[in-house]
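# Report on the structure
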Amino acid sequence: MSNAYDVLRAHHNVLRGLGSRFKAAPVGSAERQQTLDELLREFTIHMRIEDDIYYPALAAASKLIAIAHAEHRQIYDQLAVALRTPSSSPRHVDEWNSFLTVLEAHADEEERDLVPPPAPVDLSESELEELGNRMAAEMERQRNSKFEQLHVKARTALLKAF
Ligand SMILES: [Fe+2]
Ligand SMILES: [Fe+2]
């Protein structure tokens, strides 16, 4: 079992890896679409784990958490722009690269500022383990849940439509 910091860092690396694979795959290829599906699934899980579990545990660092939430909204906005840009558009690749850039910048910043968080947040070893286990279990649950995966697809369709 691992602590919350390890869980987050490891999952950031999963997202970074999927991002590079997506960028490297030719536009319009099945591999690019498959990698995107996986990226959006893991991305959605990641945002929810942070919004629902990790950030609330760090509530005492209120200013940094407010910034992090604002960045999550920006990332979703850029995702919506990318999803709405057809692959025939000359902007398509740029919009997806922008999405990955804001996502990676946020993950880097998070690792710098919130993993671990500054005072007054003070998590003990056992609290970190408990938090990390809860996060890892919830990630696994969402990954294996048909309902949650339908939710990701529905949300993607919604972002595309509006
Ligand atoms: Fe985040
Ligand atoms: Fe993150």
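Please refer to the structure placed before this passage.
Residues numbered from 1 in each chain as written. Chains lettered and ligands numbered in written order. Predicted model: local features only at pLDDT ≥ 70, side-chain atom pairs only at ≥ 80, totals over all residues. Heavy atoms only, no water.

The nonpolar side chains of a soluble globular protein tend to be buried, and buried together. Within the largest apolar cluster, 21 residues are counted, with the highest numbers of intra-cluster contacts made by Tyr54, Leu58, Leu123, Leu131 and Met135. Top element by residues in this core is helix H2 (residues 30–57). It accounts for five residues. Ignoring any residue separated from it by four or fewer positions in sequence, one finds Leu123 in contact with Tyr5, Ala57, Leu58, Leu128 and Leu131. (Core = buried A, V, L, I, M, F, W, Y, C linked by side-chain atoms within 4.5 Å. Buried < 20%, exposed > 50% of the residue type's maximum accessible area, 1.4 Å probe, protein only. Helix = DSSP H or I, 4+ residues; strand = E, 2+ residues; numbered from the N terminus. Contact = heavy atoms within 4.5 Å.)

This brings us to the coordination of the iron ion (ligand 2). Those protein atoms acting as donors to the iron ion (ligand 2) are His12 (NE2), His46 (NE2), Glu50 (OE) and Glu110 (OE), and they sit at 1.9 to 2.2 Å. Around the iron ion (ligand 2), the four donor atoms are arranged such that angles at the metal cover 83 to 168°; this shape is classified as irregular. Here the donor residues of the iron ion (ligand 2) are spaced in sequence according to H-x33-H-x3-E-x59-E. The metal-metal distance between the iron ion (ligand 2) and the iron ion (ligand 1) is 3.3 Å, with Glu50 coordinating both. Placement of His46 in helix H2 and of Glu110 in helix H4 (residues 92–113) is noted, with a sequence separation of 64 residues between them. (Donors = N, O, S within 2.8 Å, 3.2 Å for Na, K, Ca; no water. Tetrahedral: all angles 85-135°; square planar, octahedral: opposite > 155°, others 65-115°.)

With distances of 2.0 to 2.4 Å, the protein atoms coordinating the iron ion (ligand 1) are Glu50 (OE), Tyr55 (OH), His72 (NE2), His106 (NE2) and Glu110 (OE). Spacing between the donor residues of the iron ion (ligand 1) along their common chain follows E-x4-Y-x16-H-x33-H-x3-E.

By themselves, these are just geometric observations and shouldn't be taken as functional.
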